[in-house]
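If you want the building blocks of each chain, they are given just below.
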Amino acid sequence: METIKIFGHKVPDTDSTCSAIAYAKLKNELGIKATAHVLGEINNETKFVLKHFNVETPELLEEVGEGEKVILVDHNEAKQSIEGREKCEILEVIDHHRVSDFHTTLPLYFRSEPVGCTCTIVAKMYMENKVEIKKDIAGILLSAILSDTLMYKSPISTEEDKKIGSMLEKIAEINHETYGREMIEAGSKFNVMTEKEILEIDAKTFEIEGIEIRIGQLIALDIGKIMERKDKLIIEMEKVCEENKYNLFVLVMTDIMKNGSEVIIVGKDKSIGEKSFSIPKNENSKFMDGVVSRKKQVVPLIYDSFK
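Residues numbered from 1 in each chain as written. Predicted model: local features only at pLDDT ≥ 70, side-chain atom pairs only at ≥ 80, totals over all residues. Heavy atoms only, no water.

Participant: Help me understand the sheet that holds strand E2 (residues 34-38), please; the structure alone is not making it clear to me.
Facilitator: Hydrogen bonds along the backbone pair up the strands of a sheet, which may run parallel or antiparallel. Strand order in the open sheet formed by 6 strands is E3-E2-E1-E4-E5-E6, and the pairing between neighbours is parallel. With one partner strand each, in any of the chains shown, strand E3 (59-60) and strand E6 (109-112) form the two edges of the open sheet. Summarising the sheet, strand E1 (residues 4-7) and E2 pair through 4 bridges and their orientation is parallel. Paired with Ile4 across the two strands is Ala34, which belongs to E2. Those strands touched by helix H1 (residues 14-29) are E1, E2, strand E4 (69-73) and strand E5 (89-95), and its axis lies near 175° from that of E2. Of the strands in this sheet, E4, E5 and E6 are in contact with helix H3 (residues 118-128), which crosses E5 at around 105°. (Pairing = 2+ DSSP bridges. Helix = DSSP H or I, 4+ residues; strand = E, 2+ residues; numbered from the N terminus. Contact = heavy atoms within 4.5 Å. Axes fitted to C-alpha atoms, helices over the stretch in contact; angles between N-to-C directions.)

Structural data, given as structure tokens:
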């Protein structure tokens, strides 16, 4: 039996990594050979999560070959996926994002739900298949939910995320508030990172009407320290735009304590960012109260600016 490769998006975050691990574990429990993979180096938050629950980091996967069988988790857009995706056979997609530029030649199982985290869906699939969720898997599933929903404070958080999270919290035997703060703090040690590394912590590329837009997000309990490096970050963002031909780079620096984000924009199509976030023409950033979700707040604002 051929082994199925399961992976999330490029620049893996906690949800894309943990959903791949947990879903591969479920498949194996059901008698289907599957392995979890990541498409890049995992970030500090995810390293903290896997170490805390003694779970191995998935093997790096750089490309897929002709006819290989794969399952996509936490993404479906081609720009965010693996090299050679068009050559492989996609068996399933498990996701919680918008569906974009997606088509296959063969039928598949496609499950997309409007919840805050892919791991919420994966946890439900364990229950639907009557497979026990072990403590370590419960821990990483809960970690991803807390990460994606900003400990249930993000507008993408749903009652279903909270319900599933509460169940997982009991299995994992942790307090989600205490643990969640530790996890976020572990992921926001920006003082030991270069500007380039900071910009790649959690960044995704979106193509809108032929315009390539890179959107990165940093999450911290307090962004005061990272704001001191704003000018250096802007220089690096401009460099990244030039090297990768991005029309616009948007960096969202989310402050959990203030429940808002500093939004920074650079690029040759900076005017799109100015229109999207009402940033004055001669400025490149603005603090936006209540804006903490890339998926539900930042991306829709950009799409609306094209209308």
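Participant: Help me understand the packing of aromatic side chains in this model?
Facilitator: Within a pair of aromatic rings, the relevant descriptors are the distance that separates the centres and the angle that separates the planes. For the coordinates displayed, the defined rule picks out 3 aromatic pairs. Their ring planes at 75° and their centres at 5.3 Å tell us that Phe102 and Phe110 sit as a pair that is edge-to-face. Here the aromatic cluster, defined as three or more aromatic residues joined through ring pairs, consists of Phe48, Phe53 and Tyr179. (Phe/Tyr/Trp six-rings, centres within 6.5 Å; stacked < 30°, edge-to-face > 60°.)

Participant: Explain helix H10 (residues 270-277) to me, please; I cannot follow it from the model alone.
Facilitator: Residue pairs three or four apart in sequence face the same way in an α-helix, which turns once every 3.6 residues. Most of H10 sits out of view: 6 of its 8 residues are buried. Looking at the buried residues of H10, the elements they touch are strand E8 (211-220), strand E9 (248-255), strand E10 (260-266), strand E11 (285-289) and helix H11 (294-305). Looking one or two residues past H10, Ser278 carries a phi angle of roughly 55°, positive in sign. (Buried < 20%, exposed > 50% of the residue type's maximum accessible area, 1.4 Å probe, protein only.)

Participant: Just to check I follow, could you spell out the pattern of salt bridges for this structure?
Facilitator: When charged atoms on two side chains of opposite charge get close, those side chains can pair. Counting across every chain of the model gives 20 salt bridges. Residue Arg294 is joined to Asp202 by a salt bridge in which the shortest nitrogen-to-oxygen separation is 2.8 Å. Placement of the pair is Arg294 in helix H11 and Asp202 in the loop between helix H7 (195-199) and strand E7 (203-208), with a sequence separation of 92 residues. Across the pair, exposure class does not vary: Arg294 and Asp202 are buried alike. In this structure, a network of salt bridges that share partners links the residues Arg111, Glu113, Lys124, Glu128 and Glu160. (Salt bridge = Lys/Arg side-chain N within 4 Å of Asp/Glu carboxyl O.)

Participant: Whenever I open this one, the environment of Ser285 confuses me. Can you help?
Facilitator: You can see Ser285 is positioned in strand E11. In sequence terms Ser285 and Ala172 are 113 residues apart; their C-alpha atoms lie 40 Å from each other. Once residues lying within four places of it in the same chain are set aside, the contact partners of Ser285 are Lys230, Glu262, Val263, Ile264 and Ile279. Only 2.5 Å separates the side chain of Ser285 from the side chain of Lys230, close enough to count as a polar contact. A polar contact is formed between the side chain of Ser285 and the side chain of Glu262, at a distance of 3.1 Å. (Polar contact = N/O pair within 3.5 Å; in protein donor to acceptor, adjacent residues only side chain to side chain.)

Participant: I tried to follow the sheet that holds E7 on my own but got confused; where do I start?
Facilitator: Strand order across the open sheet formed by 5 strands is E7-E8-E9-E10-E11, with mixed pairing between neighbours. Lying at the two open borders of the sheet, with one neighbouring strand each, are E7 and E11. Put simply, the sheet's adjacent strands are angled 25° from each other on average, direction ignored. H10 contacts E8, E9, E10 and E11 of the sheet and is inclined by roughly 155° relative to E10.

Participant: Please clarify how the packing of H3 against helix H5 (residues 159-172) should be interpreted in this entry.
Facilitator: When two helices pack together, their arrangement is given by the angle between the helix axes and by the axis-to-axis distance. Two elements in contact, H3 and H5, have axes separated by 10 Å at closest approach and are oriented at 60°. Judged on the interaxial angle alone, H5 and H3 are oblique. Judged by the sense of rotation from one axis to the other, the crossing of H3 with H5 is left-handed. Across the interface between the two elements, Thr120, Ala123, Lys124 and Met127 from H3 touch Glu160, Asp161, Ile164, Met167 and Leu168 from H5. (Parallel < 35°, antiparallel > 145°, perpendicular 65-115°, else oblique. Left-handed = near helix turned anticlockwise from the far one by under 90°.)

Participant: Honestly, the nonpolar core in this entry has me stumped. Any pointers?
Facilitator: Grouped burial of nonpolar side chains is what soluble globular proteins tend to show. Grouped together as the largest cluster of nonpolar side chains are 51 residues, with contacts concentrated most on Ile6, Tyr23, Ile140, Leu141 and Leu168. Take this core: its biggest share by element is 8 residues, from helix H4 (residues 135-148). In this view, Ile140 contacts Cys18, Ile21, Val49, Leu50, Phe53 and Val55; residues no more than four positions away in its chain are not counted. In this structure, Met193, Ile234, Phe249 and Ile264 belong to the second largest nonpolar core, which totals 20 residues. (Core = buried A, V, L, I, M, F, W, Y, C linked by side-chain atoms within 4.5 Å.)

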